[in-house]
Amino acid sequence: MVAKLDYRWHLRKVMADREMFSTTDLLPPLKERGITLSTSQVYRLVVERPERLSLKILMALMDILDCTMDDLIEPIAGASVATKPKKAAAGGTAVSDGVGDLRPKRARIRGVDR
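In this report, we go over the structure that sits alongside the text. This is a predicted model, so every value here is computed, not measured.

This part covers the overall build of the chain. The helix and strand tally for the chain stands at five helices and two strands. Element order for the chain, N to C, with α for helix and β for strand: β-α-α-α-α-α-β. Residues classed as buried in the chain amount to 23% of the 114 residues present. Sequence-distant contacts in the chain: of pairs separated by 6 or more residues, those separated by 24 or more amount to 60%. Accessible area of the chain: about 9800 Å², with a carbon and sulfur share of 54%.

As structure tokens, this is what we get:
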């Protein structure tokens, strides 16, 4: 089984270490490097964990904050997702319980009596 991979995003911590406490502090340095983002995009970049990130933005952040990729992104082992047992449609019992001795009788088709 393949291990699940995940990561932690440390942009906010790295900014705080550089005494940048407002998300809008990134706007002018990003603009100097040719990257134009709205204030809400920069806020989401700092506060939330990005699922997709342009390499140009990543390189600009590393240049602005004078840090490495390891400072911004920490790889971690992902949490395994526990699966719930499936429920039967009408009965509400778990499918894994099986149907036990309840089996339908085989149908017998006979000719029509005249």
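Past the structure itself, the notes keep going.
Here we take up unusual backbone geometry. Although it is not a glycine, glutamate 19 adopts a positive phi angle of roughly 60°. In this fold, glutamate 19 is placed in the loop between helix H1 (11-17) and helix H2 (27-32). For glutamate 19, a relative accessible area of 64% translates into the label exposed. Of note in this structure, aspartate 66 is not a glycine but carries a positive phi near 50°. If you trace the backbone, aspartate 66 turns up in the loop between helix H4 (55-65) and helix H5 (69-72).

A separate point is the packing of aromatic side chains. According to the stated counting rule, one finds zero aromatic pairs in the structure shown. When the ring centre of tyrosine 7 is taken as reference, the NZ or CZ atom of arginine 49 above it lies at 4.5 Å.

In terms of nonpolar packing, the biggest core is built from 21 residues, with Leu11, Leu26, Leu30, Leu61, Leu65 and Leu72 touching the most fellow members. Breaking this core down by element, the ones donating at least two residues are H1, helix H3 (39-47) and H4. When residues of this core are assigned to their parent elements, the largest contribution, seven residues, is made by H4. With sequence-adjacent residues up to four places away left out, leucine 30 is seen in contact with Ile35, Leu37, Val42, Ala60 and Ile64.

In the structure shown here, the tally under the stated rule is six salt bridges. Residue arginine 8 pairs with glutamate 74 through a salt bridge whose shortest N-O separation is 3.5 Å. On the criterion of sequence distance, the pair formed by arginine 8 in strand S1 (residues 5-9) and glutamate 74 in strand S2 (residues 73-77) is long-range, its members being 66 residues apart. Of the residues examined, glutamate 74 reaches a relative accessible area of 29% and is grouped as partly exposed. A salt bridge links aspartate 63 to arginine 33; its shortest N-O distance comes to 2.7 Å.

Rules used in this analysis
Residues numbered from 1 in each chain as written. Predicted model: local features only at pLDDT ≥ 70, side-chain atom pairs only at ≥ 80, totals over all residues. Heavy atoms only, no water. Helix = DSSP H or I, 4+ residues; strand = E, 2+ residues; numbered from the N terminus. Buried < 20%, exposed > 50% of the residue type's maximum accessible area, 1.4 Å probe, protein only. Contact = heavy atoms within 4.5 Å. Areas by Shrake-Rupley, 256 points an atom, 1.4 Å probe, with all protein chains shown as cover. Phe/Tyr/Trp six-rings, centres within 6.5 Å; stacked < 30°, edge-to-face > 60°. Lys NZ or Arg CZ within 6 Å of the ring centre and 35° of its normal. Core = buried A, V, L, I, M, F, W, Y, C linked by side-chain atoms within 4.5 Å. Salt bridge = Lys/Arg side-chain N within 4 Å of Asp/Glu carboxyl O.

Without other data, these values stay purely geometric and don't point to any function.
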